[in-house]
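Here's the letter readout for the chains.
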Amino acid sequence: LRPLAGRFASALFAAGIIGTGLLAVPVLAGSTAYAAAEAFGKPSGLEHKPPRAKLFYTVLVVTGVLGLALNALPIDPVKALYWSAVINGVAAVPIMAAIMVFSMSLRDMGKFVLPPWLQILGWLATLALAVTAGEMLAPRGR
C-alpha cells in the first residue's frame, strides 16, 4: 500500500482490517443463526419478532457477542484466520462428498439430478480437495 497511500499505508491497512471485521461479525452471526434455525425447522429471519423466532435470535445474539468477545482474548488474529482456513479446508471434504451423493440421487433431486459431466467435475474437485487436505495433514519425515 505504500506506493498508493504513502506514510498512511499502515493506517489504511488497519482501517481495512477493522472494517472487514465489522462487516464479518454480523454476516457470520446472521448466517449461523439462519443455518441453526433452518436445521431445526424453526422460524428464521429478521422479519419475525423475537418471540416467534427464539432460536434464530438466540444464536444471532450469542454468536455476535462471541465474535466481539474474541477481541478481548490474547489470540493472534492472523493465526486464527490461518487455522480457521485449515479447519474449513479439511471439513469441506466430507461436505462436498455428501453434496455430490445427494446431487446424484434421483430420489432426492428428481429431475434436477446433476448431469454426468458435472458429476465428473464435482468428484474431481472433491478428490483434489481431499488430496490437498491429506497432503497437508500427512506427517513429514525429517
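So, here's what we can say about the structure. Predicted, not measured: the structure shown is a model, and the values here were computed from it. (Residues numbered from 1 in each chain as written. Predicted model: local features only at pLDDT ≥ 70, side-chain atom pairs only at ≥ 80, totals over all residues. Heavy atoms only, no water.)

### Section: the overall build of the protein chain
Looking only at helices and strands, the protein chain features six helices and zero strands. Along the chain direction, N to C, the helices and strands of the protein chain fall in the order α-α-α-α-α-α. A compact globule built from 142 residues should have a C-alpha radius of gyration of about 14 Å, whereas the protein chain, at 21 Å, is more than 25% larger. Judged by the C-alpha coordinates and their principal axes, the protein chain covers about 60 × 55 × 35 Å. Per-residue burial for the protein chain yields a buried fraction of 18% across its 142 residues. For the protein chain, restricting intrachain contacts to residue pairs at least 6 apart in sequence, the fraction spanning at least 24 positions comes to 37%. Accessible surface, the protein chain as shown: approximately 10900 Å² in total, 75% of it carbon and sulfur. (Helix = DSSP H or I, 4+ residues; strand = E, 2+ residues; numbered from the N terminus. Rg over C-alpha atoms; globule rule 2.2 N^0.38 Å. Buried < 20%, exposed > 50% of the residue type's maximum accessible area, 1.4 Å probe, protein only. Contact = heavy atoms within 4.5 Å. Areas by Shrake-Rupley, 256 points an atom, 1.4 Å probe, with all protein chains shown as cover.)

### Side note on the pattern of salt bridges
What the rule picks out here adds up to one salt bridge. Across the pair arginine 107 and aspartate 108 runs a salt bridge whose closest N-O atoms are separated by 3.3 Å. For arginine 107, a relative accessible area of 75% puts it in the exposed group. The class for aspartate 108 is partly exposed, based on a relative accessible area of 37%. (Salt bridge = Lys/Arg side-chain N within 4 Å of Asp/Glu carboxyl O.)

### A closer look at the layout of surface pockets
Here the largest pocket defines a volume of roughly 1000 Å³. Elements with a minimum of two residues in the lining of the largest pocket: α2 (9-39), α3 (54-69) and α4 (77-103). Per-element tally for the lining of the largest pocket: the top contributor is α2, with eleven residues. (1 Å grid on protein atoms, 1.4 Å probe; cavity = no way out; pocket = protein on both sides within 12 Å on 5 of 7 lines; lining within 4 Å. Points joined across faces, edges and corners; volume = space filled by probe spheres on them.)

### A short note on a nonpolar patch on the surface
On the surface, a cluster of nonpolar side chains totalling about 640 Å² of accessible area is made up of Trp117, Ile120, Leu121, Leu124, Leu127 and Val131. In this structure, leucine 124 sits in helix α6 (residues 116-137). (Patch = residues over 30% accessible without salt bridge, like charges linked within 9 Å, V, L, I, M, F, W, Y side chains within 5 Å.)

### Thoughts on the nonpolar core
Core analysis: the largest hydrophobic core is formed by seven residues, namely Ala33, Ala36, Ala37, Ala53, Phe56, Tyr57 and Val59. For this core, the secondary structure elements donating two or more residues are α2 and α3. (Core = buried A, V, L, I, M, F, W, Y, C linked by side-chain atoms within 4.5 Å.)

### Remarks on the packing of α4 against α6
Put simply, α4 and α6 touch, their axes get as near as 9 Å, and they point 150 degrees apart. As far as their axial angle goes, α6 and α4 are roughly antiparallel. Where α4 crosses over α6, the handedness of that crossing is left-handed. Every residue of α6 that contacts α4 at Val86, Gly89, Val90, Ala92, Val93, Met96, Ala97, Met100 and Val101 is listed here: Leu118, Gln119, Gly122, Trp123, Ala125, Thr126, Leu129, Ala130, Ala133, Met136 and Leu137. (Axes fitted to C-alpha atoms, helices over the stretch in contact; angles between N-to-C directions. Parallel < 35°, antiparallel > 145°, perpendicular 65-115°, else oblique. Left-handed = near helix turned anticlockwise from the far one by under 90°.)

Coordinates in, geometry out; function isn't part of it.
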